[in-house]
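# Overview (structure and organization)
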Amino acid sequence: MSMKEVEHDTKWCNLQNLKKLLNDGLITQTEYSMRRNQLIDELTGTSLTTLAASQYKRRRGSSASDMVQNLPAIIPKPPPDFTDFPAEKSIKYVYDLKTREWTSKEVNLKLDTVPFSRGSLRVVYHMEMEEPGEIEVAGEAKNRYVAKISMNSSDNKNKKVYFRDVETQTIAKYYAEKFNQYHPPKKVDFIKACVLELIQREGNPIVGVEKFIPGPYRKHNSNFGYVSDEERNTPQAFSHFSWEASDHTLLVCDIQGVGDLYTDPQIHHISGEGFGKGNLGMAGISKFLQKHRCNAICRYLKLPQLNAKVSDIGTIPTTRLMALNNIQIVTMVQQAGAQLHSQTAVLPVLKRQVVVDNSKEETRCNRCTVI
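Attention in this report is confined to the structure presented alongside it. (Residues numbered from 1 in each chain as written. Predicted model: local features only at pLDDT ≥ 70, side-chain atom pairs only at ≥ 80, totals over all residues. Heavy atoms only, no water.)

### Brief notes about the nonpolar core
Side chains of nonpolar character tend, in soluble globular proteins, to be buried together. If you look at the biggest cluster of nonpolar residues, it comprises 57 residues, and the most contacted ones within it are F238, F241 and L301. For this core, the element with the most residues is helix α6 (residues 160-180), which contributes 10 residues. Listed in part, the 5 residues of the second largest apolar core include L251, C253, I285 and F288. (Core = buried A, V, L, I, M, F, W, Y, C linked by side-chain atoms within 4.5 Å. Buried < 20%, exposed > 50% of the residue type's maximum accessible area, 1.4 Å probe, protein only. Helix = DSSP H or I, 4+ residues; strand = E, 2+ residues; numbered from the N terminus.)

Structure representation (structure tokens):
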């Protein structure tokens with residue numbers, strides 16, 4: 001049997017297995033439909049036509065709906081050589097948790113035409129972005145980013161989901177900083193995310209952006225009780241920590257990323273409001289509490305044992321217990337979280353204003369307090 005025939009048979013097997021994964025609850029209906037269409041395209045050879053259409057739209061300036069509706073098969077690959085890609089101007093929006101303000105400036109970027117990955121809600125493209133004075137960070141590839149686009153067309157119309165996602169990830173990052181202050185055996189972090197407005201494309205589409213992190217990507221838990229077979233101590237203890245440090249008001253979960261550098265978290269809030277579509281409120285929190293097995297890091301942090309299940313394997317701190325009597329309640333983030341999950345919480349006001357400072361021109365948005 002030729003290599004081509006082997007690949008063809010493998011795709012048929014994948015197509016047959018896909019339905020079983022859906023029936024077993026391991027993938028969502030959206031994931032099933034998307035992957036099924038991709039496999040059919042690959043089997044019938046129609047993906048090349050779709051790809052050509054997508055590339056044509058990219059040359060003329062694709063809208064977000066074009067990039068999703070005309071999505072070709074996902075092609076896992078490293079970042080491409082962007083030398084011959086056309087550069088385009090964009091407005092970059094960055095969120096500051098302390099001030100609860102969004103600031104903006106103009107940047108140049110080059111965006112790939114074919115997505116290399118996808119999650120349950122977004123497709124992901126490689127991207128290159130030039131920023132003056134960019135500082136290299138260990139583990140991160142300079143100028144290499146990923147652009148995430150929602151597969152829900154309504155998100156690409158009202159666009160608020162992109163800003164809420166960045167706010168959520170910023171809060172998760174703050175909890176990671178607090179977690180690290182207790183000197184666990186392994187520190188954790190969340191990639192700093194931002195929003196880009198592609199101003200040279202039809203409809204000024206919005207994309208979520210963060211640094212590209214090379215390495216094996218792992219999902220450690222989900223927003224509804226799933227725990228990976230590895231059941232690593234650090235990510236599970238961090239989720240438990242967030243519940244205790246927030247004084248039982250929120251839980252950071254859906255922990256995933258490369259090593260202990262995470263991205264795309266979900267926050268459940270007891271109110272069930274804000275923090276995106278994945279916020280399942282107490283239902284999601286209860287599911288985590290039921291499934292969680294406290295481990296050596298939970299014990300080291302003196303977190304209350306949630307249930308009788310205890311894991312004695314995996315990463316172990318050098319000392320059994322930390323010196324402090326207990327962890328401190330995070331207060332500043334509660335105030336920011338209150339704004340995000342309140343029914344009257346408002347979206348960022350992103351009216352561009354010109355601010356002149358030392359003869360340098362940048363744009364700054366109004367404070368995200370009223371619309």
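### Some remarks on unusual backbone geometry
Backbone geometry at D264 places phi at a positive 50 degrees, although glycine is not the residue there. Residue placement: D264 occurs in the loop between β12 (261-262) and β13 (266-269). Using a relative accessible area of 19% as the deciding quantity, one classes D264 as buried. At F275, a residue that is not glycine, the phi angle is positive and equals roughly 60 degrees. Residue position: F275 is located in the loop between β13 and α8 (281-291).

### A few points about the side chain of D260
On the secondary structure map, D260 appears in the loop between β11 (256-258) and β12. A distance of 2.5 Å separates the side chain of D260 from the side chain of Y262, its partner in a polar contact. Among residues more than four places away in sequence, those in contact with D260 are K186, K187, V188, D189, R232, T234 and P235. (Polar contact = N/O pair within 3.5 Å; in protein donor to acceptor, adjacent residues only side chain to side chain. Contact = heavy atoms within 4.5 Å.)

In short, the description is geometric, and any link to function would need to be established separately.
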